[in-house]
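Spelled out, the chains give:
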Amino acid sequence: MDYFYHILVIALIYVIFASSLNLELGYAGLYNFGHVAFFAIGAYTSALLSLAGFSPAASMAIALLCSAASGALLAMPALRLSGDYFGIATLAFGELARLFALNERWLTKGPMGLPGIPRPLGIEAGISGIPVYFIFTVTITVAVLLILRKTTMSPFGRALKVVREDEFVARAFGKNVFSLKVRAVAMGSLFAGLAGALYAHFVTYISPYDFSLNETILVLLCVVLGGKGTLSGPVLGAFVIIFFQELLRFLPIPTDWGRFVSPIQGMIYGAVLVILMLKRPEGIIPEHRTLQC
Amino acid sequence: MLTIENVTKSFGGLTAVCGVSLQLGEIPITGLVGPNGSGKSTLFHMITGFYSVDKGRVFLEDREITNLKPHLISRMGLLRTFQHTRVLPFLSTLENLIAAAPLQRGESLVKLFLRPGAVRRDEKKNTEKAREVLETIRLQRLAEELAGRLSYGQQRLLELGRILMADPRVILLDEPTAGINPSLVRDLVQVIRGLTGGGIQVFLIEHNMPLVMELCDRVLVMDAGGLIFEGFPHEAVKDKAVIEAYLGKARDASKS
């Protein structure tokens, strides 16, 4: 049963992570391939602060602000680039963040990672704390989804869609396209940081290997599979992907083949992503009834 | 209202617009005609800030708007349409209109969460206005339809409607009737005329000469980046320079 709660918590963390990417990708039309960086910034900031003696809850709050600020700081130069080039710049930033965590040992302890991260609100470490942490995560996830719902259904969300559909038109109608995009990335990074902080305090041990390019692809897949530009799409996508990943553990694979599983999984995700983009770009839950012109 | 002084734009070695000056003054509808590649759209792009101006100055009333960002120019009441239709296909007709309203408080994240009342009031006001505009452009029936599903002509009407949402003072229309069927052209002409009744000044690029003669109070003709004629439409079609620009130089039959 605790195992089941564990998977649920991870799935919920991915719900937040995917929804935060969806704000950028689905609404503002920004292909951010370095989204994992903000997950990592949230995780490391919160972990380091709480290990330094701050209360875990306060650490998480500070971590959110750090993620949002670094999102805005990345967005400002990167958004001077358009389309694909923005994607490449963010991809580079994602790797940069991972390499920073790997090499700046004085701060992050490098590949050894950070063990013993305390849980917030006095939730017990180890397996016994998992059900309570589950309730904690559910509460936060619901709050995040409500905030995102209000944001995306507002004039702000509509303005983001205008930017996504046609930047020229957005400019012609008095929208400050650059500012809208920066705010979308900052808010997306804020919630990615929240997901990262939730992750760090849940698993209580993080290392640079938790924040590789694979995570970006996984979360991208959650958004695209579920349906970008919708509130429920990334939620569904995250649950499908995380449960699929866990089911793989029960496949009767001979132990000495174990080393092939992870690369093959990556290949499958890549292939699914390409096929989805070609065959069903709107995902499982489409934003609209299909346009037939 | 709109005054342009000696503007020039070059792309590498090609001078697209060369030292053009013009004034719309108080004239309700001004037409801009000229052969393809004569610099008309480039001029529009410069006025609205989409292209930078190399030399010269642009004024809206007495405020200089040379090289301001497009969204700032738009907020000052100078609105435009594009040569090709650019509706937002995945938003409904009504949403296309509401989205075009300027300075919505709900577009600020802070106000969205801290001043929900003001945001709601704005949204209500904009929705009501959008419904009025829908009537003006005669698309009430299609309010909830995705804009991408409208016919080409209806999309052009929607583009005009979108401009009305922004309380414009001057509007620039880039070939508003291109590619739409004659009956919708009549609708469009009526809508454009209706605008001037409300005190909006219209500056439009158009290739259809009979329409220009019918609709415009004054016409400007461009050729090879320069202004070659300015005056009444019925004079333009008789002007020698204009005819040469469109049809080429007349050959003297006796010499050949």
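What this report covers is the structure whose coordinates are included nearby.

### Examining the overall build of chain B
Link 1 in the chain: Within chain B one finds 10 helices and 10 strands.
Link 2 in the chain: Here the C-alpha radius of gyration of chain B, 20 Å, is about what a compact globule of 256 residues would show, namely 18 Å.
Link 3 in the chain: For the C-alpha atoms alone, the extent of chain B along its principal axes is close to 80 × 40 × 35 Å.
Link 4 in the chain: A total of 256 residues make up chain B; the buried ones form 42% of that total.
Link 5 in the chain: Partitioning the intrachain contacts of chain B with sequence separation of at least 6 by distance along the chain shows that 66% fall at a separation of at least 24.

### Focus: the interface of chain B and chain A
Link 1 in the chain: Between chain B and chain A, the contact holds 28 residues from the first and 23 residues from the second.
Link 2 in the chain: Going through the elements one at a time, α2 (70-75), α3 (93-99), α4 (109-114) and α5 (116-136) of chain B are the ones with two or more residues in the side of chain B that touches chain A.
Link 3 in the chain: Among the elements that take part in the side of chain B that touches chain A, α2(B) stands out by supplying 4 residues, more than any other.
Link 4 in the chain: Considering only residue class, the side of chain B that touches chain A consists of 15 nonpolar, 6 polar and 7 charged.

### Concerning the environment of A61(A)
Link 1 in the chain: Examined against the element boundaries, A61(A) turns out to sit in helix α3 (residues 56-78).
Link 2 in the chain: Residues A61(A) and R158(A), 97 residues apart in the sequence, show an inter-C-alpha distance of 28 Å.

### Brief notes about the environment of D239(B)
Link 1 in the chain: With respect to the helices and strands, the residue D239(B) is situated in the loop between α9 (233-236) and α10 (240-247).
Link 2 in the chain: For the pair D239(B) and F229(B), spaced 10 residues apart in sequence, the C-alpha to C-alpha distance is 8.0 Å.

### Brief notes about the sheet that holds strand β7 (residues 170-174) of chain B
Residue and element names in this part refer to chain B.
Link 1 in the chain: Across the sheet, which stays open at both edges, the 6 strands sit in the order β6-β7-β8-β3-β9-β10 with mixed pairing between neighbours. The open sheet has two edge strands with one neighbour each: β6 (78-80) and β10 (226-231). In this sheet, adjacent strand axes meet at a mean angle of 20 degrees when their direction is disregarded.
Link 2 in the chain: Inspection of the sheet shows strand β3 (residues 29-33) paired to strand β8 (residues 201-205) by 4 bridges, in the parallel sense. Residue pairing for β8: T30 is matched across the bridge by F203.
Link 3 in the chain: Lying over the sheet, helix α1 (residues 40-47) contacts β3, β6, β7, β8 and β9 (218-223), oriented at roughly 145 degrees with respect to β7.
Link 4 in the chain: Sitting on the sheet, α10 touches β9 and β10, and the angle it makes with β10 is about 130 degrees.

### What about unusual backbone geometry?
All names here are of chain B.
Link 1 in the chain: One non-glycine residue, R138, lies in positive phi territory at about 60 degrees.
Link 2 in the chain: Residue placement: R138 occurs in the loop between α5 and α6 (152-164).
Link 3 in the chain: Look at R138 and you get partly exposed, because 15 C-beta atoms sit within 10 Å.
Link 4 in the chain: Positioned with a positive phi, D167 is a non-glycine residue whose angle comes to about 45 degrees.
Link 5 in the chain: Residue class for D167 comes out partly exposed when judged on the 13 C-beta atoms lying within 10 Å of it.

### Topic: the pairing of β7(B)
Residue and element names in this part refer to chain B.
Link 1 in the chain: Across the 5 residues that make up β7, a large majority, 5, are buried.
Link 2 in the chain: Of the two faces of β7, both are covered, the one formed by V170, L172 and D174 as well as the one formed by I171 and L173.
Link 3 in the chain: Pairing analysis gives 5 bridges linking β7 to β8, with the strands arranged parallel. In the strand pairing of β8, L172 is matched with F203.
Link 4 in the chain: The β-α-β motif built from β7, the intervening helix α7 (residues 182-197) and the parallel element β8 has right-handed crossover chirality.

Criteria and cut-off values
Residues numbered from 1 in each chain as written. Chains lettered and ligands numbered in written order. Predicted model: local features only at pLDDT ≥ 70, side-chain atom pairs only at ≥ 80, totals over all residues. Helix = DSSP H or I, 4+ residues; strand = E, 2+ residues; numbered from the N terminus. Rg over C-alpha atoms; globule rule 2.2 N^0.38 Å. Buried ≥ 20, exposed ≤ 12 C-beta atoms within 10 Å, placed from the backbone. Contact = placed C-beta atoms within 7 Å. Nonpolar A, V, L, I, M, F, W, Y, C, P; charged D, E, K, R; others polar. Pairing = 2+ DSSP bridges. Axes fitted to C-alpha atoms, helices over the stretch in contact; angles between N-to-C directions. Right-handed = clockwise from strand over helix to strand, strands pointing away.

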